[in-house]
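So you can see what is in the structure, the chains are spelled out below.
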There are 2 protein chains.
Amino acid sequence: MKPEYELRLVTKAAHLYWVEQVRQVDIAARLSLSQAGVSRLLRRAQKEGIVSISIKPPEGTYHLLEEELASKLGLDEVVVTSCPDNSDNAIVSSIGEAAAQYLASTLRESDRVGISSWSSALVALSEHLPAKGQIKAERVVQLMGGMSHDRAEHLAENLTLQLANRLAARPAFMHVAGIASTSDARKVFCEEPYVRETMALFDDLTVALVGIGTLAPSQFLARSGNAFSDEELAELAGCGAVGDVCLRFFDANGQAVSHALDERVVAISAPSLKKVPRVVGVAGGHQKVASIRAAALGGWIQVLITDCFTAEALAEKASL
Amino acid sequence: MKPEYELRLVTKAAHLYWVEQVRQVDIAARLSLSQAGVSRLLRRAQKEGIVSISIKPPEGTYHLLEEELASKLGLDEVVVTSCPDNSDNAIVSSIGEAAAQYLASTLRESDRVGISSWSSALVALSEHLPAKGQIKAERVVQLMGGMSHDRAEHLAENLTLQLANRLAARPAFMHVAGIASTSDARKVFCEEPYVRETMALFDDLTVALVGIGTLAPSQFLARSGNAFSDEELAELAGCGAVGDVCLRFFDANGQAVSHALDERVVAISAPSLKKVPRVVGVAGGHQKVASIRAAALGGWIQVLITDCFTAEALAEKASL
DNA sequence: TCAGTTAATGAATAAATATTCATAGCGAGG
DNA sequence: CCTCGCTATGAATATTTATTCATTAACTGA
């Protein structure tokens, strides 16, 4: 058959199928060939680029950026939220809400959820979950100690509790400070029955919700009074550390930085954290770009929820 | 659920499905919903115009023009061929070839094919059919008399014979002139056994291949010596006739023009012609635009095969 | 608060599409 | 002229997608 007429058939079939929405059997009848033949014509039309299918993302969605980040950072999924401006307030609120949506649509009743604390984004997440519990989980497990020693904020416990309530899940608390004064003190903490019980759940989690920290303690964290000192931070920086997840620090490529301070942290261990099937990092802000990138590259998180400004910066940085 | 996140899901599903070619079940798994849900998201994506599918016709194909003509002229199918220039030679050759392709891909072995003659495009059609007969028909039936009275060309018979040979079909000839000198003479012709036999087949055709004539006899037709005189043509024109199929004349809207000359034509009758399920008109050239349009509007043909220049002119005319 | 209505959901099923397989035509090389 | 391998084809089948249906959740107006 003349190639020109063949092309005409391909084009016609493509038009009928994709534009006029005609079924393949009907096209087959009209073109006097079998349905299998039409299927083949259509495959050819795709291969030869006669049809082009394009997705135009609605305002406020960023699927290309998400794809790009997921592939460049080796993540399973990236959610990029639109955000009115790049202030920390706006970012925290928008990614918190998105994270809530993400949880709402992916959480199963059988999930055992770990939660790191000291993150305003995670607080926002919890607050955006519907209070009426149609979204459920089995357990909500606090991943790091968080009790403030000089204020009665009990922030980490509060967050864990609130999340557990909203998810109609049984909570597991740490009830101790996240940073012990010495490694021996940490050992003592870990011997506490509460803590042992909770830590026993770490290897059985299905999801973890974590913030991603930078070396400079966030205002939030500083206010809690529960952070490393400037000297300690400087020492970590000297070892190449750029950020942390649950106070487990890593360098710019995500490689774990081992350091004596590690021994004072009362939290899920790096190996246990890496064994959690789905770690969801919720973070945004220009000061966090480097640590987010590192957390992703190092495999500390599988899912990233961030805002469009941070996402842009990450994409730019990743493409260098 | 927040409409923004919902949109994100729709977009994501659309991207995965149409760009990444992921199966709905796999998308469902990734998005944590059922396959039915994905199907619904995708439907929404189409409805809301998030996906746009466009067909870009390869060089030399004219599917939009074909669609337009088919709908405006009320035809089942239109084939528009590309054509190097708008000379009659180029047109006849290209539409002849296209018509051959069309026949090749739509003719069944059980088809009974009528053929009008006196048309250079039909000659080209026949010549472009592969001589080795993989395309077959049951019968090839001459629809009009065509024997020249002063030259031994036997053109119509030749065409019928050639077509029958190429289609491995049994031919049925008229063996008389297409225009009798008087209506009585026509009656005598029609009593001829040959003619009666052939005409008996007219009501049982499945396809007819016809040229479309203008009032000014074509050079081809004039040379055959078998045409109406200038006075007769003027008379027809006076009745509003603009063209003919098988010497059955019609006006600009395709309404049959009845006239005494009708009684002298030895050919398939207008009613019989209109009963043929699929009449394929093969014609092109700027002088034929009006008669092609009329033939289509009057329901004389169901399929039109023409060139891109004529098609453009038809589309322009039809949109007025 | 509660019945009545509407909308959303996924399992089951129906419909549509892709693939497999057996067959037939065609060209190249004996 | 024949045989081999290649391609093209449609019937049968497997896979994938759309729809139906029953259930549940959410919303509305007493």
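Residues numbered from 1 in each chain as written. Chains lettered and ligands numbered in written order. Predicted model: local features only at pLDDT ≥ 70, side-chain atom pairs only at ≥ 80, totals over all residues. Heavy atoms only, no water.

**Observations concerning the pairing of strand E9 (residues 248-251) of chain A**
Residue and element names in this part refer to chain A. Pairing of strand E8 (residues 241-245) with E9, which is carried by four bridges, proceeds in the antiparallel orientation. Looking across to E9, one finds that Asp244 is bridged to Phe249. Here E8 hands over to E9 after two residues, with Cys246 in that stretch at a positive phi of 55°. (Pairing = 2+ DSSP bridges. Helix = DSSP H or I, 4+ residues; strand = E, 2+ residues; numbered from the N terminus.)

**Focus on the packing of helix H2 (residues 24-31) of chain A against helix H3 (residues 35-47) of chain A**
Residue and element names in this part refer to chain A. Interhelical geometry of H2 versus H3 gives an angle of 100° and a closest axis separation of 8 Å. As the angle between them shows, H2 and H3 are arranged roughly perpendicular. Mapping the contact onto sequence places Gln24, Val25, Ile27, Ala28 and Leu31 in H2 and Gln35, Val38, Ser39, Leu41 and Leu42 in H3. In the contact of H2 with H3, the residues fall into seven nonpolar, three polar and no charged. (Axes fitted to C-alpha atoms, helices over the stretch in contact; angles between N-to-C directions. Parallel < 35°, antiparallel > 145°, perpendicular 65-115°, else oblique. Contact = heavy atoms within 4.5 Å. Nonpolar A, V, L, I, M, F, W, Y, C, P; charged D, E, K, R; others polar.)

**Some remarks on the sheet that holds E9(A)**
Residue and element names in this part refer to chain A. The strand order E7-E8-E9 describes an open sheet built from three strands, whose pairing is antiparallel. The open sheet has two edge strands with one neighbour each: strand E7 (213-214) and E9. Against the sheet, helix H13 (residues 289-297) makes contact with E7, E8 and E9, and its axis sits at roughly 65° relative to E8, the strand it touches most.

**Section: the protein's contact with DNA strand D**
Near DNA strand D lie 13 residues; those nearest to it are Arg40(A), Arg23(B), Gln24(B), Ser39(B) and Arg43(B). Between a phosphate oxygen of DNA strand D and a side-chain N or O atom of Ser34(A), the distance comes to 3.3 Å. Arg23(B) is positioned with one of its side-chain polar atoms (N or O) 3.2 Å from a phosphate oxygen of DNA strand D. Counting residues per element, the ones that place at least two in the surface near DNA strand D are H3 of chain A together with helix H3 (35-47) of chain B. A breakdown of the residues in the surface near DNA strand D according to their chemical character gives four nonpolar, five polar and four charged. (Near = heavy atom within 4 Å. Polar contact = N/O pair within 3.5 Å; in protein donor to acceptor, adjacent residues only side chain to side chain.)

**What to know about the environment of Val113(B)**
Residues and elements named next belong to chain B. Tracing the backbone through its elements, the reader meets Val113 in strand E3 (residues 112-115). The class of Val113 is buried, set by a relative accessible area of 0%. Residues Val113 and Asp85, 28 residues apart in the sequence, show an inter-C-alpha distance of 31 Å. The contacts of Val113, once residues within four sequence positions are left out, are Leu107, Ala137, Arg139, Val140, Val141, Leu205, Val207 and Leu209. (Buried < 20%, exposed > 50% of the residue type's maximum accessible area, 1.4 Å probe, protein only.)

**Observations concerning the protein's contact with DNA strand C**
Residues in contact with DNA strand C, as listed here, are Tyr17(A), Arg23(A), Gln24(A), Gln35(A), Ala36(A), Ser39(A), Arg40(A), Arg43(A), Ser34(B), Ala36(B), Arg40(B) and Gln134(B). A share of 60% is what sugar and phosphate atoms reach among the atoms of DNA strand C within 4 Å of the protein. In this structure, a phosphate oxygen belonging to DNA strand C sits 3.0 Å away from a side-chain N or O atom of Ser39(A). Between a base nitrogen of DNA strand C and a side-chain N or O atom of Arg40(B), the distance comes to 2.6 Å.

**What about the interface of chain A and chain B?**
At the junction of the two partners, chain A supplies 45 residues and chain B supplies 45 residues. Surface buried jointly by chain A and chain B totals about 4000 Å² across both partners, of which 51% is contributed by carbon and sulfur atoms. Considering only the side of chain A, the residues that lose the most area to chain B are Tyr5(A), Arg8(A) and Ile55(A), jointly responsible for 15% of the buried surface there. Our count for the contact surface shared by chain A and chain B stands at six salt bridges. (Buried area = accessible area lost by both parts, 1.4 Å probe. Salt bridge = Lys/Arg side-chain N within 4 Å of Asp/Glu carboxyl O.)

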